[in-house]
Amino acid sequence: MDRRRNPFAPGAGSPPPELAGRADLIERASVALDRVRAGRAARSVILYGLRGVGKTVLLTTIWNRAEDDGMIVVALEAPEGRSLPGILVPALRASLLRLDRIKRATAGVTRALRALAGFAKLKVRYDDIEVAIDVEPEPGLADSGDLDADLADLMIAVGEAARERETAVVLAIDELQYVPERELAALIAAIHRAAQRQLPVTLIAAGLPQLLGQMGDAKSYAERLFEFVAIGALDPEAAAAAIRLPIEREEEAIDDAAIDAIVADTEGYPYFIQEWGKHSWDVAEASPISSDDVAAARILALAELDASFFRVRFDRLTPKEKRYLRAMARLGPGPHRSGDVAQAMDAPVSSLAPTRNSLIAKGMLFSPSHGDTAFTVPLFDAYMRRVMPE
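Below: a short report on this structure.

What counts and how
- Residues numbered from 1 in each chain as written.
- Predicted model: local features only at pLDDT ≥ 70, side-chain atom pairs only at ≥ 80, totals over all residues.
- Heavy atoms only, no water.
- 1 Å grid on protein atoms, 1.4 Å probe; cavity = no way out; pocket = protein on both sides within 12 Å on 5 of 7 lines; lining within 4 Å.
- Points joined across faces, edges and corners; volume = space filled by probe spheres on them.
- Helix = DSSP H or I, 4+ residues; strand = E, 2+ residues; numbered from the N terminus.
- Nonpolar A, V, L, I, M, F, W, Y, C, P; charged D, E, K, R; others polar.
- Buried < 20%, exposed > 50% of the residue type's maximum accessible area, 1.4 Å probe, protein only.
- Contact = heavy atoms within 4.5 Å.
- Axes fitted to C-alpha atoms, helices over the stretch in contact; angles between N-to-C directions.
- Parallel < 35°, antiparallel > 145°, perpendicular 65-115°, else oblique.
- Pairing = 2+ DSSP bridges.
- Core = buried A, V, L, I, M, F, W, Y, C linked by side-chain atoms within 4.5 Å.
- Expected span 1.5 Å × (residues − 1).
- Phe/Tyr/Trp six-rings, centres within 6.5 Å; stacked < 30°, edge-to-face > 60°.

Approximately 850 Å³ is the volume attributed to the largest pocket. Ala12, Gly13, Gly52, Thr56 and Arg313 are, among the 44 residues lining the largest pocket, the residues nearest its centre. Contributions of two or more residues to the lining of the largest pocket are made by α2 (55-68), β4 (201-207), α11 (270-283) and α13 (311-314). Residues belonging to the lining of the largest pocket are distributed by class as follows: 22 nonpolar, 11 polar and 11 charged. Lining of the second largest pocket is provided by 13 residues; of these, Gln177, Gln210, Gly213, Gln214 and Ile360 occupy positions nearest its centre. For the lining of the second largest pocket, the secondary-structure elements that each account for two or more residues are α6 (181-196), α7 (211-218) and α16 (349-361). In terms of residues, the lining of the second largest pocket owes the most to one element, α7, which gives 3 residues. Grouping the amino acids of the lining of the second largest pocket by side-chain chemistry returns 5 nonpolar, 5 polar and 3 charged.

In this section: the environment of Pro288. One can find Pro288 in the loop between α11 and α12 (291-307). Note on Pro288: relative accessible area 38%, which makes it partly exposed. C-alpha separation for the pair Pro288 and Lys320, spaced 32 residues apart in sequence, amounts to 47 Å. Ignoring sequence-local partners within four residues, the contact set of Pro288 consists of Ala253, Ile254, Asp255 and Asp293.

It is worth spelling out the packing of helix α14 (residues 319-331) against helix α15 (residues 338-345) at this point. Two numbers describe how α14 lies on α15: the axes approach to 9 Å, and their chain directions differ by 105°. Between α14 and α15, the interaxial angle falls into the category roughly perpendicular. Mapping the contact onto sequence places Arg323, Tyr324, Ala327, Met328, Arg330 and Leu331 in α14 and Asp340, Val341, Ala344 and Met345 in α15. For the contact of α14 with α15, the per-class residue count stands at 7 nonpolar, no polar and 3 charged.

This brings us to the sheet that holds strand β5 (residues 226-230). The 5 strands lie next to each other as β2-β3-β4-β1-β5, forming an open sheet whose pairing is parallel. Since the sheet does not close on itself, it has two edges, and those belong to β2 (72-77) and β5, each with one partner. Across the sheet, the mean angle separating the axes of adjacent strands is 15° when strand polarity is ignored. Pairing of strand β3 (residues 169-174) with β4 involves 5 bridges; the strand directions are parallel. Note on β4: the bridge partner recorded for Val170 is Thr202. Against the sheet, helix α1 (residues 23-37) makes contact with β1 (44-48), β3, β4 and β5, and its axis sits at roughly 155° relative to β4, the strand it touches most.

Going from Ser287 to Pro288, the amide bond is cis rather than trans, its omega being 5°. Residue Pro335 is reached from Gly334 by a cis peptide bond, and omega for that bond is 5°. In this structure, Pro335 sits in the loop between α14 and β6 (336-337). Despite not being glycine, Glu166 has its phi angle at roughly 60°, a positive value. Among the residues examined, Glu166 registers a relative accessible area of 67% and is labelled exposed.

The 3 strands lie next to each other as β6-β8-β7, forming an open sheet whose pairing is antiparallel. Across the chains shown, the open sheet's two edge strands, defined by having one partner strand only, are β6 and β7 (365-366). Strand direction decides the pairing type here: β6 and strand β8 (residues 372-375), joined by 2 bridges, are antiparallel. Looking at β8, one finds that Arg337 is bridged to Asp372. Relative to β8, α14 is tilted by about 95°, and along the sheet it contacts β6, β7 and β8.

Attention now goes to the nonpolar core. Counting 73 residues, the largest nonpolar core has Leu47, Ile204, Phe272, Phe310, Leu325 and Phe380 as the members making the most contacts within it. If one sorts the elements of this core by residue count, helix α9 (residues 236-249) sits on top with 7 residues. Discounting residues that sit within four places of it in the chain, Phe310 has contacts with Phe272, Leu305, Val377, Pro378, Leu379, Phe380, Tyr383 and Arg386. Ranked by size, the runner-up nonpolar core spans 60 residues in total, among them Ala161, Val169, Ala185 and Tyr221.

Every α-helical turn comprises 3.6 residues, leaving residues that sit three or four positions apart pointing alike. Between the first and last C-alpha of α16 there are 18 Å, a value that for 13 residues agrees with the 18 Å anticipated at 1.5 Å per step. Restricting attention to buried positions, one finds in α16 the residues Leu352, Thr355, Arg356 and Leu359. Buried-residue contacts for α16 involve α14, α15, β7 and β8. A positive backbone phi angle near 80° is found at Gly363, which sits one or two residues after α16.

Here we take up the packing of aromatic side chains. Applying the stated criterion to the full structure yields 12 aromatic pairs. Here Phe226 and Phe228 contribute two aromatic rings whose centre-to-centre distance is 6.2 Å and whose plane-to-plane angle is 65°, an arrangement assigned as edge-to-face. Phe226 sits in the buried class, given a relative accessible area of 1%. For the ring pair Tyr271 and Phe309, a centre distance of 4.7 Å and an interplane angle of 20° mean the geometry is stacked. Here Tyr271 is found in helix α11, whereas its partner Phe309 is found in the loop between α12 and α13, with 38 residues between them in sequence.

With that settled, the discussion passes to the pairing of β8. Side chains Asp372 and Ala374 project from β8 onto one buried face, and the interleaved Thr373 and Phe375 project onto a second face that is buried too. In the sheet, β7 pairs with β8 via 2 bridges, with the strands oriented antiparallel. When the bridges of β8 are listed, Leu365 appears paired with Phe375. The antiparallel pairing of β7 with β8 creates a hairpin that spans 5 residues between the two strands, and Gly371 there sits at a positive phi of about 85°.

This is the structure in structure tokens:
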């Protein structure tokens, strides 16, 4: 098989050749954005799920559609160790300047830029704000130094500017679980204020499963303000389509048994499907790709995942955190009771609580219910058994 024509695209956030099983979700989000632009009520959309299920791809697809429809998208990724104001100010400045270029300068956009200039004064509290605002702030507008009040004022000014331009501003934030609770609460409150005024400002975001609890802890009304959408593995039919259709577009073929083997190996997780598909194509001598080709590709795909997807997360762990995850892996995929993990480590539950909390903060674990712990990375239990054999 010609590797130059290999259609599969493993990579962080790389669009797959076939976005199978997600059409209804994308359409729901598009309807919500159109309603917001029209001044109608619609909840912001929060995508949550494990690593490798395609949250970033979906988020990108939704915001690309919004941009194609003339909306202004403020695209952000919330990295660990950065403040929300630090990542928001430069991105929002660029978006407001784009909005300003749609037509000649008008009062709404100018006032939004003045609000942003006032908001940037939060640098006294968030020293990672690094941008120059080339307009004078308006005294009393988003410049109090209080994040809750200033972010709400800023979102209202941005919403009024967007309404003046007959468009919408969409905050698209990936890895939202890394935003600290205090700043997350301010963001939720600001989106709420804009919604109450029926302003065309909304949020679409993606994050790990713990995001639900974090947003509920930040603001009790979050569950009513946002539509939380669980993103999981593809069902067998969609997973099969994600494998078969890209191959057929290249005028090649794959056996049904080979498709079944890939679906079984990957458990339907989109990122793993791309890895298995790529290596199955590469090892196949000729079309159709067979189950024997998939068996050979399995070794290569796991080696690739172990060296990159899994390893990059493993290398961030302390020795104690690695032992905790290895004890979980001994118990299987999970979720597992904290007491069972402690028993496997022959240690008191209370002594392991800081380690568990640290792993949750690093995005390695989440708690699906009180006292339970699960991996945020699919198939990570098998990786831990490979990298740390008994």
